[in-house]
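# Chain and residue survey
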Amino acid sequence: MDLAIVAAYLCGITWFGLRFRGQSRSLRNYFLGGKNISWWAIALSIVAAETSTLTIISIHGLAYETNLAFLQLVFGYLLARIIICIIFIPQYFRGEMFTAYELIERRFGPKLRTVTAGLFLLTRAAAEGVRVLAIAIVIDIALGRGEIASIAIITAMTLLYTFEGGLTAVIWTDVVQLCIYVAGSLIALATLLHLIPGGWIGLQSMAGEKFRVFDFSRSLATPYTFFAGIIGGTFLTMASHGTDQLMVQRLLAAKSERESKKALLASGVAVLFQFTLFLIVGVALFGYYRLPSAHFGKADRIFPTFIVNELPRGMAGLLVAAVLAAAMSNLSAALNSLSTSSMVDFYLRWRPAGDEHQRTGLSRVFTIVWACILFALALLSRRGGRVLEMGLSIASVAYGAMLGVFLLGILTKRANARGAFIGMLCGLAVNVFLWLAPGATRNLIGVNVAWTWYVTLGTIVTFSIGYATSLFSPPGAGA
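Bear in mind that the values here come from a model prediction, so they are computed numbers and not experimental data.

The next thing to look at is the nonpolar core. Residues F70, F88 and Y181 are the most contacted members of the largest nonpolar core, which totals 153 residues. Residue contributions to this core peak at 19 residues, all from helix α15 (residues 315-350).

What follows covers the pattern of salt bridges. For side chains bearing opposite charge, pairing can occur when the charged atoms are close. Applying the stated criterion across every chain, the model contains eight salt bridges. One salt bridge connects K262 with E259, and the closest N-O pair in it is separated by 3.7 Å. Remark: E259 and K262 occur in helix α13 (residues 257-289); sequence separation between them is three residues, near one turn of the helix. Judged by its relative accessible area of 15%, E259 is buried. In the salt-bridge network here, residues are joined through shared partners; they are E105, R113 and D345.

Turning our eyes to something else, we now look at the packing of aromatic side chains. Within this structure, the stated rule accounts for 27 aromatic pairs. Measuring from ring centre to ring centre gives 5.4 Å for F70 and F275, while their planes differ by 40°; the resulting arrangement is tilted. Placement of F70 in the loop between α4 (53-65) and α5 (71-87) and of F275 in helix α13 is noted, with a sequence separation of 205 residues between them. The pair formed by F70 and F275 is uniform in burial state, with each residue classed as buried. Centre to centre, the rings of F214 and F226 are 6.1 Å apart; their planes meet at 55°, and the pair counts as tilted. Of this pair, F214 sits in the loop between α10 (199-206) and α11 (226-242) while F226 sits in helix α11, and the two are twelve residues apart along the sequence. For F214, a relative accessible area of 39% corresponds to the partly exposed category. What links up through ring pairs into an aromatic cluster is the set F70, Y77, Y181, Y224, F275, F278 and W451.

Every buried residue belonging to α10 is among G199, G202 and L203, and all of these are buried. End-on view of α10: buried residues confined to an arc of 100°, all on one side of the axis. When the buried face of α10 is taken as reference, the exposed residues oriented beyond 90 degrees from it are I201 and S205.

The rules we used
- Residues numbered from 1 in each chain as written.
- Predicted model: local features only at pLDDT ≥ 70, side-chain atom pairs only at ≥ 80, totals over all residues.
- Heavy atoms only, no water.
- Core = buried A, V, L, I, M, F, W, Y, C linked by side-chain atoms within 4.5 Å.
- Buried < 20%, exposed > 50% of the residue type's maximum accessible area, 1.4 Å probe, protein only.
- Helix = DSSP H or I, 4+ residues; strand = E, 2+ residues; numbered from the N terminus.
- Salt bridge = Lys/Arg side-chain N within 4 Å of Asp/Glu carboxyl O.
- Phe/Tyr/Trp six-rings, centres within 6.5 Å; stacked < 30°, edge-to-face > 60°.
- Arc of directions from axis to C-beta.

These figures capture arrangement, not role.
Next comes the structure, spelled out in structure tokens:
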């Protein structure tokens, strides 16, 4: 029964996505949904795009091992959305744009656009490979199938409707998938409270300390503190939602600047509810099992194990389908944004000729190519720690340099291409050093730096060095 439900979900969502195949006959329709999508659908799609299987299984495991401190990061997510509405979105609606990196060319020239778009392609693909890997954890526990087969099946079915329907199919399937996995999480929470003696009151008495949200310590080594959450979460989301094509593409698909802002702000309310729900389910899992996470192998396996072993037949299949819904929504978003940037930021600048039919066909080819690349990267990512922090760390390494360049272009008039390029290299170097050489970092400053600070530090280095270098460079100096 469980297998039948999962199969029905996979076939049903693929069929639903294919219903939009006739609406993508031009690049504007394929990549921006014809700029005719409702703001509330874009809002839910934003939330679904930033929620992968990685998020679902790791957030529960994180709360199981610690507490609700991750919510401090979400508060930063909310603050960043307000800043993006003020600083970034007005810039993106000055003329029709397909990618975020067209804004960089407008300010600093084509060379720096190539660099920023290329950095997006590399880091988004690497981070997405880790997210695709999380699919295998769920499928392997639930159905006993091998990692390679499960990754291949989900990637192929997601590719099918993304290939045919473009961004319109991606957004509307995101809406359906978000409803499925949120409903699944609510069912899991209700089931856990039924199984725990005393229900909610019993959970509070058993795991009261795990409901703690705030940590006001000032250690740079602790990832989830109030200061890391507010400052680091703000910078992280300014980068991910303000400069990353995965999110910017949705903002650009809105009917107007006002609709785009409404979508982004509404997504903040939804994401706060969502993460609160996920974390409380993690605490409830601790209240039910009361075992060390090592008992399950690693924390990422706790929620899938509960679904398979403790839920009745049928309901387990529904929960597995809910987890796969998050996986497919995130993967489809990545495929579409990677294809868009490859086509608009690279190919069309090299060969601008060709009619709309040829361009749309080639965009679909890029979608297939990126699906194969993400599949390969997922297989290479099978060794690593907690997949949530692994994926966010990869993205955070590049986000600081990227955000610093965008802020140089938007907030200053004196910065030039050469300064921005040098600042970007320095910011990227600092983040790579923090990520790959934690021991050297500890020897240098006396403490490890948590991943939540990567974007903040990278942005500060990029902006300050970029601006200072520009002051000593001749006006209009190229990269």
